[in-house]
Amino acid sequence: MIRKIDDFLTNWKHESNSTLKVLNSLTDESLTQKVYDEGRTLGRLAWHIVITVDEMVSQTGLQFTATPHDAPIPTHAKEFAEAYKKSSDAMVQAIQEQWTDESLFEKTDMYGEQWTIATILQILISHQTHHRGQMTVLMRQAGLVVPGMYGPSKEEWLAFSGQAPE
Ligand code: NI
């Protein structure tokens, strides 16, 4: 539960670092990886995470410059992490400058419902975690090494212990 700006910023620091680790693991070739024919590609999923910062947080009235929600999907892997970092850094700076803890309880119209800003920030994190999890499946299928997020990944565990995790 987010009650103070610092609650969010501390959590976001960890979450955005995890997202950057995942985005930095992408390769140009892996961007077209799919699980099934009609499924979203790895590149499309990754870009969805990047542009959601603008798509969700701009609706709160926060003034910041993020990669726009309708920006086209890049073809080069390195552009994903760069765009995400710029958007995330701009959002964090704007929150520090424009909001107080009280701002978190202001309500905004979101998808036809009234959400507090605290709820929007919570959903921003959960939504990102959800799609990052989907990405890691596609990354393994694309033969990429998956970075650890809440603990070591299989590859990190193996490198550390010499054994596969149970
Ligand atoms: Ni989504």
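Above: the structure in question.
Everything in this summary refers to the structure shown in the same document. Quick caveat: nothing in here was measured; it's all calculated off a predicted structure. (Residues numbered from 1 in each chain as written. Predicted model: local features only at pLDDT ≥ 70, side-chain atom pairs only at ≥ 80, totals over all residues. Heavy atoms only, no water.)

This part takes up the pattern of salt bridges. Inspection of every chain in the model, using the stated rule, returns four salt bridges. The shortest N-O distance in the salt bridge between D89 and K85 comes to 2.7 Å. Of this pair, D89 and K85 both sit in helix α3 (residues 78-98), four residues apart, which is roughly one turn of that helix. On the basis of relative accessibility, which here comes to 39%, the residue D89 falls in the partly exposed class. For R140, the salt bridge goes to E155, with nearest N and O atoms at 2.8 Å. (Salt bridge = Lys/Arg side-chain N within 4 Å of Asp/Glu carboxyl O. Helix = DSSP H or I, 4+ residues; strand = E, 2+ residues; numbered from the N terminus. Buried < 20%, exposed > 50% of the residue type's maximum accessible area, 1.4 Å probe, protein only.)

Note on the nickel ion: its protein donors are H48 (NE2), H127 (NE2) and H131 (NE2). The metal-donor distances range over 2.1 to 2.2 Å. Motif for the nickel ion, donor spacing along one chain: H-x78-H-x3-H. In this pair, H127 and H131 are both assigned in helix α4 (residues 117-141), four residues apart and thus about one turn of the helix distant. (Donors = N, O, S within 2.8 Å, 3.2 Å for Na, K, Ca; no water.)

Right, let's get into the packing of aromatic side chains. The geometry of an aromatic ring pair is captured by the separation of the ring centres together with the interplanar angle, meaning the angle of the planes. Taken as a whole and assessed by the stated rule, the structure comprises four aromatic pairs. Ring pairs connect the aromatic residues F8, W12 and Y84, which therefore count as one cluster. (Phe/Tyr/Trp six-rings, centres within 6.5 Å; stacked < 30°, edge-to-face > 60°.)

This part is about the packing of helix α1 (residues 5-24) against α3. Close contact between α1 and α3 brings their axes to 10 Å; oriented N to C, the two are set at 175 degrees. One finds that α1 runs roughly antiparallel with respect to α3. Note on element contacts: α3 touches α1 through F80, A81, Y84, K85, S88, M91, V92, I95 and Q96, opposite I5, F8, L9, W12, S16, T19, L20, L23 and N24. Class assignment for the residues of the contact of α1 with α3 results in twelve nonpolar, five polar and one charged. (Axes fitted to C-alpha atoms, helices over the stretch in contact; angles between N-to-C directions. Parallel < 35°, antiparallel > 145°, perpendicular 65-115°, else oblique. Contact = heavy atoms within 4.5 Å. Nonpolar A, V, L, I, M, F, W, Y, C, P; charged D, E, K, R; others polar.)

What follows covers empty space enclosed by the protein. One pass over the full model with this rule turns up one cavity of 30 Å³ or more. In this model, the largest cavity occupies a volume close to 30 Å³. Lining of the largest cavity is provided by H48, I49, T52, V53, L124, H127 and Q128. Mapped onto the lining of the largest cavity, the elements with two or more residues apiece are α2 (42-57) and α4. Element by element, the count of residues in the lining of the largest cavity is highest for α2, at four residues. Each residue belonging to the lining of the largest cavity can be placed in one class, and the counts come to three nonpolar, four polar and no charged. (1 Å grid on protein atoms, 1.4 Å probe; cavity = no way out; pocket = protein on both sides within 12 Å on 5 of 7 lines; lining within 4 Å. Points joined across faces, edges and corners; volume = space filled by probe spheres on them.)

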